[in-house]
Amino acid sequence: MSSAHPPSSTDASPAAAPGGANSAHTAVRTHHRILLTGAAGGLGRVLRQRLGGNCAVLRVSDRAELGAAQAGEEIVLADLGDATAVHAMVEGVDAIVHLGGISVESPWAAVLQGNIVGAYNLYEAARKHGVKRVVFASSNHVTGFYRQSETIDAAAPARPDGLYGLSKAFGEDLSRLYFDRYGIETACVRIGSSFPEPKDRRMLATWLSYEDLHRVVVACLSTPVLGHTIVFATSNNSVSWWDNRLARHVGFVPQDSSDVFREAVYARTAAPDLNDPTAIYQGGAFVRQGPFE
Ligand code: NAI
Ligand code: 15L
């Protein structure tokens, strides 16, 4: 296993990035075999339809049923908490897009198993099997306790808004360790809210279209030098709380915008109560979920 010490993300040369041009090239073949975890989930199903164009073989995995393998697919069922199963899932792949795990605020036992033990199992398997690039689905809830009146960048300290956000912060730190020690490059993609449309006023800031989700993943897979990088993943929304200047070398240039939904969202939603924490903080409703007793 290589023990090279590549530069940190902020040292990576912006010259290596073609100024975002690759973000439009979602048909680029980035690796021979890509593993997609969480493939049965909401975003997993979106990327399962699209990532086949970026590799020769797409290995899809989840603990839930995945149906029949499509052309160019392999299916490996695995629970992320099961180290043996995770090693079998990872063996033979060239890159990993890691969506699997608990995706909302949840009781500690589930978060621990899916997102903490699961992330450890995944990175240990990547180390042992020589996988050198991971796209990790992190979350805006790593920094959910910043205010909606603040703009932050990737250098802002984590302020998780719950156990779920905390587990994503752990995944980000874990991936940094595996970069510093073993040279495994990771993009920690702090996804905002990726749904067909923004559901409320908050999501006018956090919305990420499905095509922009694919764009950011392909940008992270294809940029020549990724390093260890935090990328805020939203569409090109006029209202934004996140500054991606420390991730220019990734070359993600979103093409969609929540702005086209603004009028309709305002028409069907009430003005926010500015004394309500869910309207004050970037994490929205997540800041009030739990504890689970
Ligand atoms: P989802 O909950 O629909 O999908 C997660 C998938 O992971 C499910 O298919 C589930 O079966 C699988 N999974 C859960 N625990 C597992 C375990 N222990 N072993 C194996 N598989 C397990 O979530 P969604 O919306 O598709 O999100 C995908 C990823 O992106 C998640 O990691 C989530 O935290 C992250 N994310 C999503 C956002 C969104 O707007 N949808 C926003 C921010 C982050
Ligand atoms: C997340 O991290 C969740 O996975 C997703 O379901 C959304 O709720 C999103 O954040 C959000 O903040 O809107």
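Residues numbered from 1 in each chain as written. Chains lettered and ligands numbered in written order. Predicted model: local features only at pLDDT ≥ 70, side-chain atom pairs only at ≥ 80, totals over all residues.

Would you mind showing me how to read the site of ligand 1 here?
Close to ligand 1 lie 25 residues, the nearest being G41, L43, S103, A137 and I191. Among the secondary structure elements, those contributing two or more residues to the shell around ligand 1 are α1 (42-50), α3 (108-129) and β5 (133-139). Residues belonging to the shell around ligand 1 are distributed by class as follows: 8 nonpolar, 14 polar and 3 charged. (Near = placed C-beta within 6 Å. Helix = DSSP H or I, 4+ residues; strand = E, 2+ residues; numbered from the N terminus. Nonpolar A, V, L, I, M, F, W, Y, C, P; charged D, E, K, R; others polar.)

Any chance you could explain the confidence of the model for the protein chain here in plain terms?
Predicted coordinates in areas of low pLDDT are best not read in detail. Confidence in the prediction for the protein chain averages 93 pLDDT; 92% of positions are at 70 or higher. Considering only residues more than four positions removed or in separate chains, one finds that residues 1-23, a stretch of pLDDT under 50, has 49 contacts. (pLDDT = per-residue confidence, 0-100. Contact = placed C-beta atoms within 7 Å.)

I would appreciate a short explanation of the nonpolar core in the present structure.
Across soluble globular proteins, you tend to see nonpolar side chains buried next to one another. The biggest cluster of nonpolar side chains holds 66 residues, and the ones touching the most others in it are L36, V90, V189, C220 and V231. Those residues in contact with V231 that lie beyond four places of it in its chain are A187, V189, R190, V216, C220, N244, A247, V250 and F252. (Core = buried A, V, L, I, M, F, W, Y, C linked by C-beta atoms within 7 Å. Buried ≥ 20, exposed ≤ 12 C-beta atoms within 10 Å, placed from the backbone.)

Can you walk me through the environment of P272 in this structure?
The residue P272 is located in the loop between α7 (262-268) and α8 (277-280) in this model. With 15 C-beta atoms packed within 10 Å, P272 lands in the partly exposed category. For the pair P272 and Y120, spaced 152 residues apart in the sequence, the C-alpha separation amounts to 39 Å.

Would you take a moment to explain the packing of α1 against helix α6 (residues 210-222) for this structure?
Helices that pack against each other are described as a pair by the angle of their axes relative to one another and the distance between those axes. Put simply, α1 and α6 touch, their axes get as near as 10 Å, and they point 70 degrees apart. Comparing their axes, α6 and α1 come out roughly perpendicular. The handedness of the crossing between α1 and α6 is right-handed. Across the interface between the two elements, L43, V46, L47 and R50 of α1 pack against Y210, L213, H214 and V217 of α6. Its residues assigned to classes, the contact of α1 with α6 shows 6 nonpolar, 1 polar and 1 charged. (Axes fitted to C-alpha atoms, helices over the stretch in contact; angles between N-to-C directions. Parallel < 35°, antiparallel > 145°, perpendicular 65-115°, else oblique. Left-handed = near helix turned anticlockwise from the far one by under 90°.)

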